[in-house]
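Spelled out from the first residue to the last, the chains are:
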Amino acid sequence: MNLHAPTPESIERAADLLRRGELVAFPTETVYGLGADATNRDAVARIFAAKGRPADHPVIVHLAAADALPQWARAVPDAARRLAAAFWPGPLTLILPRGPAVEGIVTGGQDSVGLRVPAHPVAQALLAAFARRGGAGIAAPSANRFGRISPTTAAHVATDLGDAVAMILDGGACALGIESTIVAFDDDGPMLLRPGSLGIDALTRVLGRAPRSADASAPRASGTLTAHYAPHTRTQLIAAASLLSEVRQRLERDEDPAVLARGVARPGDFAGTWIGAPSDPPGYAHELYANLRRLDAARADEILIEALPNDDAWLALRDRLARAAAGSDDDRD
Ligand code: TXA
Ligand code: MG
């Protein structure tokens, strides 16, 4: 098994492996990342092969600190600078004009690059050890197979990608549990490409207004494809008010649904998989991907998920559930 506790020794070894062009999975505060040396084209190509990810999907470069920005971005708008100052290290990715030295494989051929300074102490320690060896940035998408459920534990990574990575640093369950918020910038100002762990209210406080939502001019991002973060089992969202009657109908048809509820309590006579998720957004996010994996593993006929409230606090979670439902299928190979 290539799972390792994040000791000072294993972190040094992980940094060595990265410098040699190997893949290392590591924890961040959002989800686990599948890391490669961002300046090594062959190493980054290995990420795409391991994930089964199409080549035109860019990967985020993780940096030790914001002062590395000039190496990666040829311009940093004032709004981006303010967001970085407020939220880095943390769950925010900035899409900026790509610097001349950035490898095309990292940017998926686009003229921009995604940059993030993660807050997780293991990610920070790894970036520091990597920098001591002359490393500049670690390219890392979420450490799952393309289109599937993101990993929030080292065991999730081992299940999805175990053989493809030289080492997995086990930092326990990720505190936040869903991916970073992605903000891009153009002449019309900041634009939200992917809602995520950092809320709109926090962005709005620093920007002085809400970022506009992604429009047709937005650069394509795989996390923004309709089908993503998906279980294999067919998945449907159901309004809280009709969850119980929808479950009843299926039981009457002798079907076996697996349920992710939030407010609705499990009926006494329900014998299948019923997960009661935390009722607050941070708690719900922390457990979301592990819950989706449990529901999928139940091999039920169908997954039913209680729809979430309609306010901004649940925006990123509604986004992930909608994509999970759109991307599910009955193909379990
Ligand atoms: O929380 C996170 O952001 C995690 C951790 C590991 O840092 N990473 C992550 O990476 O979610 P990934 O590759 O699974 O999702 C990053 C998204 C993708 O949809 C990618 O297409 C988009 O960011 N992206 C990266 N660079 C981009 C760019 N230059 N322009 C537009 N989208 C970009
Ligand atoms: Mg991903």
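Asks: For the overall build of the protein chain, give the residues involved together with the corresponding values.
Replies: Tallying secondary structure elements over the protein chain gives 11 helices and 15 strands in all. Expected size for 333 residues packed as a compact globule is a radius of gyration near 20 Å; at 20 Å, the protein chain falls within 12% of this value. Here the C-alpha coordinates of the protein chain stretch approximately 65 × 50 × 30 Å along the principal axes. Residue burial in the protein chain is summarised as follows: out of 333 residues, 53% are buried. The contacts of the protein chain with a sequence gap of at least 6 include a subset with a gap of at least 24, amounting to 68%. Each charge class in the protein chain can be summarised by its mean position, and for the 34 positive and 40 negative side chains these summaries are 4 Å apart.

Asks: Which residues make up the domain arrangement of the protein chain, and what are the values?
Replies: Often the size quoted for an interface is simply the accessible area lost on bringing the parts together. The domain boundaries assigned to the protein chain delineate domain 1 (3-213) and domain 2 (235-327). Taking only C-alpha atoms, the centre of domain 1 and the centre of domain 2 are 29 Å apart. Between domain 1 and domain 2, the contact holds 20 residues from the first and 15 residues from the second. Summing the contributions of domain 1 and of domain 2, the shared interface buries around 1,300 Å²; its carbon and sulfur component is 60%.

Asks: How would you explain unusual backbone geometry if you had to name every residue and give the values?
Replies: Note that the residue after W88, namely P89, is joined by a cis bond; omega there is -10°. In the Ramachandran plot, D254 falls in the positive-phi region, its phi being about 65° despite a non-glycine side chain. Inspection of the secondary structure puts D254 in the loop between α9 (240-252) and β13 (257-261). When its relative accessible area of 72% is taken as the criterion, D254 is described as exposed. Phi at R299 takes a positive value of approximately 55°, unusual for a residue other than glycine.

Asks: Please provide a residue-by-residue account of the sheet that holds strand β6 (residues 112-116), values included.
Replies: Hydrogen bonds between backbone groups are what pair the strands of a sheet, and the pairing can be parallel or antiparallel. Read from one edge to the other, the open sheet built from 11 strands follows the order β1-β8-β2-β3-β7-β4-β6-β5-β9-β10-β11, with strand pairing classed as mixed. One side of each edge strand has no neighbouring strand; the edge strands of this open sheet are β1 (3-4) and β11 (212-213). Packing against the sheet, helix α1 (residues 8-19) makes contact with β1, β2 (24-26), β3 (33-37), β7 (138-139) and β8 (167-169), and its axis sits at approximately 135° to β8.

Asks: Outline the side chain of E29, supporting the account with residue identities and numerical values.
Replies: In this fold, E29 is placed in the loop between β2 and β3. There is a polar contact of 3.2 Å between the side chain of E29 and the backbone nitrogen of H120. Once you skip the residues sitting within four places of it in the chain, E29 turns out to touch G90, P91, R116, P118, A119, H120, C174, A175, L176 and G177.

Asks: Could you give me a rundown of the packing of α1 against helix α6 (residues 121-132), with the residues and numbers involved?
Replies: Running from N to C, α1 and α6 point in directions that differ by 55°, and their axes come no closer than 9 Å. Relative to α6, α1 is oriented oblique. Where α1 crosses over α6, the handedness of that crossing is right-handed. Taking contact as the criterion, the partners of I11, E12, A14, A15, L18 and R19 in α1 are, on α6, V122, A125, L126, A129, F130 and R132. Grouping the amino acids of the contact of α1 with α6 by side-chain chemistry returns 9 nonpolar, no polar and 3 charged.

Asks: Lay out the pairing of strand β15 (residues 302-306) with the relevant residues and their values.
Replies: When you tally the buried positions in β15, you get 5 out of 5 residues, the bulk of the element. Burial along β15 is two-sided: E302, L304 and E306 and I303 and I305, pointing in opposite directions, are all buried. Across 4 bridges, the pairing between strand β12 (residues 235-238) and β15 is parallel. When the sheet's bridge partners are listed, Q236 is paired in β15 with L304. Relative to β15, β13 is paired through 4 bridges, and the arrangement is parallel. The partner of P257 across the bridge, within β15, is E302.

Asks: Describe the packing of helix α10 (residues 281-297) against helix α11 (residues 315-327), naming the residues involved and giving the relevant values.
Replies: Direction vectors running N to C along α10 and α11 enclose 20°, while the axes themselves pass 11 Å from each other. The angle between α10 and α11 falls in the class roughly parallel. Crossing of α10 over α11 shows left-handed handedness. In contact with P281, Y284, A285, L288, Y289 and L292 of α10, α11 contributes L317, R320, L321 and A324. Its residues assigned to classes, the contact of α10 with α11 comprises 9 nonpolar, no polar and 1 charged.

Asks: I'd like a rundown of the packing of aromatic side chains, residues and numbers included.
Replies: Each pair of aromatic rings is reported with the distance of its centres and the angle of its planes. According to the stated counting rule, one finds 2 aromatic pairs in the structure shown. Considering the side-chain rings of F270 and W274, the 5.3 Å spacing of their centres and the 70° angle between planes classify their relative orientation as edge-to-face. Residue W274 is classed as buried on the basis of its relative accessible area of 9%. Taken together, a centroid distance of 5.6 Å and an interplanar angle of 80° make the contact between Y284 and W314 edge-to-face. Placement of Y284 in helix α10 and of W314 in the loop between β15 and α11 is noted, with a sequence separation of 30 residues between them.

Cut-offs and rules
Residues numbered from 1 in each chain as written. Chains lettered and ligands numbered in written order. Predicted model: local features only at pLDDT ≥ 70, side-chain atom pairs only at ≥ 80, totals over all residues. Heavy atoms only, no water. Helix = DSSP H or I, 4+ residues; strand = E, 2+ residues; numbered from the N terminus. Rg over C-alpha atoms; globule rule 2.2 N^0.38 Å. Buried < 20%, exposed > 50% of the residue type's maximum accessible area, 1.4 Å probe, protein only. Contact = heavy atoms within 4.5 Å. Lys, Arg positive; Asp, Glu negative; His and termini not counted. Charge placed at Lys NZ, Arg CZ, Asp CG, Glu CD. Domains from an automatic or database assignment. Buried area = accessible area lost by both parts, 1.4 Å probe. Pairing = 2+ DSSP bridges. Axes fitted to C-alpha atoms, helices over the stretch in contact; angles between N-to-C directions. Polar contact = N/O pair within 3.5 Å; in protein donor to acceptor, adjacent residues only side chain to side chain. Parallel < 35°, antiparallel > 145°, perpendicular 65-115°, else oblique. Left-handed = near helix turned anticlockwise from the far one by under 90°. Nonpolar A, V, L, I, M, F, W, Y, C, P; charged D, E, K, R; others polar. Phe/Tyr/Trp six-rings, centres within 6.5 Å; stacked < 30°, edge-to-face > 60°.

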